[in-house]
Amino acid sequence: LHVSNLAEQIFEQTYHIHKLDEENKEYLNAASILHDIGYHISHSQHHKHGQYIIQNSELLGFNENEIKIIGNISRYHRKSHPKLRHKEFSSLNSQSREKVEKLSAILRIADSLDRTHQKLVEKISIDNNDKEIIFNLYCNGKYPEVEIWNLERRQKLFEEIFDLKVRIKCS
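These numbers were taken from a predicted model, which means no experiment stands behind them. (Residues numbered from 1 in each chain as written. Predicted model: local features only at pLDDT ≥ 70, side-chain atom pairs only at ≥ 80, totals over all residues. Heavy atoms only, no water.)

(A) Representation of helix α3 (residues 22-34) within the structure. For α3, with 13 residues, the first-to-last C-alpha span of 19 Å sits near the 18 Å given by 1.5 Å per residue. All buried positions along α3 are accounted for by N24, K25, Y27, L28, A30, A31, S32 and L34. The N-cap residue of α3 is D21: its side-chain oxygen and the backbone nitrogen of E23 are 3.2 Å apart. (Helix = DSSP H or I, 4+ residues; strand = E, 2+ residues; numbered from the N terminus. Expected span 1.5 Å × (residues − 1). Buried < 20%, exposed > 50% of the residue type's maximum accessible area, 1.4 Å probe, protein only. Polar contact = N/O pair within 3.5 Å; in protein donor to acceptor, adjacent residues only side chain to side chain.)

(B) Representation of the side chain of Q9 in the model. Here Q9 is to be found in helix α1 (residues 2-13). Here I124 takes part through its backbone nitrogen, which lies 2.8 Å from a polar atom of the side chain of Q9. Residue contacts for Q9: discarding those within four places in its chain leaves E122, K123 and I124. (Contact = heavy atoms within 4.5 Å.)

(C) Quick look at the packing of aromatic side chains. Under the definition given, this model contains 4 aromatic pairs. Ring centres 6.2 Å apart and planes at 55 degrees place the aromatic pair Y27 and F62 in the tilted group. One end of the pair, Y27, is in helix α3; the other, F62, is in the loop between α4 (46-55) and α5 (64-75), and 35 residues separate them in sequence. The interplanar angle of 80 degrees and the centroid separation of 5.8 Å between the aromatic rings of Y76 and F89 together place this pair among those described as edge-to-face. (Phe/Tyr/Trp six-rings, centres within 6.5 Å; stacked < 30°, edge-to-face > 60°.)

(D) Broad picture of the nonpolar core. Grouped together as the largest cluster of nonpolar side chains are 43 residues, with contacts concentrated most on I124, F135 and F158. Contributions of two or more residues to this core are made by α1, α3, α5, α7 (94-112), β1 (121-128), β2 (132-139), α8 (145-154) and α9 (156-162). A total of 7 residues in this core trace back to one element, the largest contributor, which is α7. If we ignore the near neighbours within four places in the chain, the residues touching I124 are L6, Q9, I10, Q13, L113, F135, N136, L137 and Y138. (Core = buried A, V, L, I, M, F, W, Y, C linked by side-chain atoms within 4.5 Å.)

(E) Inspection of the environment of K83 at higher detail. Locating K83 in the fold gives a position in the loop between α5 and α6 (87-90). Expressed as a C-alpha distance, the spacing of K83 and R97, which sit 14 residues apart in the sequence, is 9.5 Å. Excluding residues within four positions of it along the chain, K83 makes contact with Y76 and F89.

(F) Examining α5 more closely. For α5, built from 12 residues, the straight-helix expectation of 16 Å at 1.5 Å per residue is met to within 8% by its first-to-last C-alpha distance of 16 Å. Counting buried positions over the 12 residues of α5 gives 9, a clear majority of the element. Here α5 has its buried residues at E66, I67, I69, I70, G71, N72, I73, S74 and R75. The opening residue of α5, the one whose side-chain oxygen lies 3.0 Å from the backbone nitrogen of N65, is N63.

Right under this line is the structure:
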């Protein structure tokens, strides 16, 4: 739930960048809550197992295409970026693939900021200009060293999708 909260903060403060409507925030929220469900099968491949579990479940309130979008967002919260050679991603139409790319990039950032599962990053405020986006992190009294290290490893998808350099400031 903490990752979902962080993802929602990012989504709301980057609307002018991603230009997705509120319906897409629901997809991000569902994917954020379910992104680690695959751990019940395998740690190292939990993102792929999570996608399978999500796409083969009945998520009340979502139609089949929306469930595929949510599954793909969850799938790309770590490791590989979305690629057309991935069957489940390529089966989506271009509009849905664009949503998956943008929302996965947001989920990656949010998930990175709770790497230790200690809720060290409580709040995020965002500034940006034409070249960069600055994530101002408000922390729980302890410097989130592992979270920042993890974010630096996983920010590339966000940078590629939104064509902005990611910078981090911690308060």
